[in-house]
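Coordinate analysis (summary)
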Amino acid sequence: MNEFDSPNYAEFSYDVKSEGKIKTKRTIAIICYVLFVAAYFLVCYVSRVIPAFAISPLITWILVFFTWNIVSYDYYFEFKTGILELGKIKGGKKGRKKHPELSIHIKEASFISPYNGEYTEKAKEAEIVYDFSSSQHSDKRILVLFEKDGKKCAAIFEGTAKIANLLASFCQNSHDIKGKVFHG
């Protein structure tokens, strides 16, 4: 399905900026790659089989190919039939795949607004916060408060103008979101 098949459908994927935990994880991964090459060289040098070090770039590339997708991914949202699905898009051997992490029935949301200004304090009311932001400094984020398993939860994600209008029309508890300019 795509946005041209139904007027009540929206989808958007976006890159995660390298900051915070993601930057730390990526730095640790790079340090591990460098340590692997140094350890491999040391093993080759001690065992006096230095020509075996020639395959080090190939082994390192294989290691990066199978492990880098753990720290390098994109976020996405998909809105269809009144349900907002949030998750990660990871690249792998068979291409990019969606990995949904959260599904929200929008009619049951208790509060929806842009995540800026006066509405940032509303996220502190939640016990669990799901942050699908591309950056902590983005001004194009949307906040959705809802209940999951009896706990108050908040979801923060990057928005588009179309999803803002859809959220406003599906949820009566939306504030200052209709007509706002987001991505796209």
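Before reading further, recall that the structure is shown in the block above.
Predicted model, so just to flag it, every value in this text is computed and none were measured. (Residues numbered from 1 in each chain as written. Predicted model: local features only at pLDDT ≥ 70, side-chain atom pairs only at ≥ 80, totals over all residues. Heavy atoms only, no water.)

1. Topic: the packing of aromatic side chains
- This structure, assessed with the given rule, holds 15 aromatic pairs.
- Ring plane angle 45° and centroid distance 6.4 Å describe the contact between tyrosine 33 and tryptophan 68, whose orientation is recorded as tilted. Taken together, the residues tyrosine 33 in helix 1 (residues 21–46) and tryptophan 68 in the loop between helix 2 (56–67) and strand 2 (74–80) connect sequence positions 35 residues apart.
- Overall, tyrosine 33 belongs to the buried group, its relative accessible area being 11%.
- Taking the relative accessible area as the measure of exposure, tryptophan 68 reaches 27% and is therefore partly exposed.
- By the ring-pair criterion, three or more aromatic residues cluster together here, those being Phe12, Tyr14, Tyr73, Tyr75, Phe77, Phe132 and Phe157.
- Directly above the ring of tyrosine 73 sits lysine 88, whose terminal nitrogen or CZ lies 4.3 Å from the centroid. (Phe/Tyr/Trp six-rings, centres within 6.5 Å; stacked < 30°, edge-to-face > 60°. Helix = DSSP H or I, 4+ residues; strand = E, 2+ residues; numbered from the N terminus. Buried < 20%, exposed > 50% of the residue type's maximum accessible area, 1.4 Å probe, protein only. Lys NZ or Arg CZ within 6 Å of the ring centre and 35° of its normal.)

2. Considerations on the pairing of strand 8 (residues 151–158)
- The buried fraction of strand 8 is high, at six of eight residues.
- Relative to strand 8, strand 6 (residues 128–132) runs parallel, the two being bridged by five bridges. Residue pairing in the sheet places aspartate 131 in a bridge with isoleucine 156 of strand 8.
- By the bridge criterion, eight bridges tie strand 7 (residues 141–148) to strand 8 in an arrangement that is antiparallel. Among the inter-strand pairings, valine 144 is bridged to a residue of strand 8, identified as alanine 155.
- Connecting strand 7 to the next strand, strand 8, in antiparallel fashion are two residues, including aspartate 149 with a positive phi near 55°. (Pairing = 2+ DSSP bridges.)

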